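Letter by letter, the chains look like this.
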Amino acid sequence: MADSDDPTGSEAVLTDRAGHVGLVTLNRPEAMNTFSTGLATALDDALLELEAEEAVRAVVVDGAGEAFSAGIDLSEHREFDGEAEYEEWVTRMERPFLTLAEMETPVVAAAHGHAAANGIGLVAACDLAVAAEGTQLGATAPKVGLFCMGPAVPLMGAVTRKRCLELLLTGDLIDAETAREWGLLNRVTEPGEHVEGAMDLAETIAAKSPAAVQRGKRAFYQMDGMPYAEALSHSNEEFAALCTTADAEAGIEAFLDGEPLGADEWPSGGD
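### Focus: the sheet that holds strand β5 (residues 114-116)
With mixed pairing, the 3 strands of this open sheet are ordered in space as β5-β7-β8. Two strands in the sheet have a free side with no partner beyond their single neighbour: β5 and β8 (173-175). On average, adjacent strands in this sheet sit at an angle of 20 degrees to one another, irrespective of strand direction. Pairing of β5 with strand β7 (residues 136-138), which is carried by 3 bridges, proceeds in the parallel orientation. The partner of A116 across the bridge, within β7, is G138. Helix α3 (residues 118-125) rests against β5 and β7 of the sheet, and its axis sits at about 90 degrees to β5.

Listed below in structure tokens is the structure:
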């Protein structure tokens, strides 16, 4: 399916489904999947569409061609004038970062080639991330007189303060192994196996209780940044609510009987 067209008329984002996993592919390979207004809008629409599908329990985001995403399409810069127009433009570009945090469905990035500027921001904004060996990641905007303001927000939560500032201030690229060591990636795969690695994580998630995973992700983002005692209190409320669900009743009973539920046996499965 094509969600919307980018300014060049190509299908900016493609979506598909594989069992309980939704697939989102950035599809501007001729432009290294840079964020045009069309791609950013299409990406946000695709994420929201998959979030609304009950049968989709996890999502993988990858990029067509030789790169995951090389950032924002700077050719659009000349189309705007003044701070108000630029703020409206960049707000559209960064909206997917907010959507990813607000979604209850977990999302896994599958990066390769380059993930730069908004590309590294997208990797950081996804709940989990996989990259192929040889992938280069960086907050490269200072090289063109800009700064990765938007990507900085998810990066703050993905790596330590010093590592985050090193990426943001130097604009240098790091390789996939370094990104994993810094906490930005969960796994590094052999070249060409990044989507398979991300699908493995997504399918593992999709096999678990949909109610538990979705409520748990929502609670995690709500608790992030709360004072310790407040976060613990909120966790108790959320756990108590989860205890009353059909998934908890069925899952616990099956576990105690020695036969844990399979992916298609959860009451909230959405089939």
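What follows continues from the structure just given.
### Points about the pattern of salt bridges
Per the stated rule, a full pass over the model turns up 11 salt bridges. Taking the shortest distance from any N to any O, the salt bridge between R163 and E166 comes out at 3.7 Å. Here R163 and its partner E166 are both found in helix α5 (residues 161-170), 3 residues apart, which amounts to about one turn of the helix. In this structure E166 comes out as partly exposed when scored by relative accessible area, which is 38%. Taken together, the shared-partner salt bridges in this structure form one network comprising R17, E49 and E53.

### Some words on the environment of E94
Tracing the chain through its elements places E94 in helix α2 (residues 83-102). For E94 and A139, which are 45 residues apart along the polypeptide, the C-alpha to C-alpha distance reads 14 Å. With near-sequence residues (within four places) excluded, E94 lies in contact with N118, G150 and P151.

### Thoughts on the environment of E259
Note that E259 resides in the segment after α10 (246-256). Looking at E259, the relative accessible area reads 59%, which means it is exposed. Between the alpha carbons of E259 and V107 there is a distance of 28 Å; along the sequence they are 152 residues apart.

So, how was this worked out
- Residues numbered from 1 in each chain as written.
- Predicted model: local features only at pLDDT ≥ 70, side-chain atom pairs only at ≥ 80, totals over all residues.
- Heavy atoms only, no water.
- Pairing = 2+ DSSP bridges.
- Helix = DSSP H or I, 4+ residues; strand = E, 2+ residues; numbered from the N terminus.
- Axes fitted to C-alpha atoms, helices over the stretch in contact; angles between N-to-C directions.
- Contact = heavy atoms within 4.5 Å.
- Salt bridge = Lys/Arg side-chain N within 4 Å of Asp/Glu carboxyl O.
- Buried < 20%, exposed > 50% of the residue type's maximum accessible area, 1.4 Å probe, protein only.

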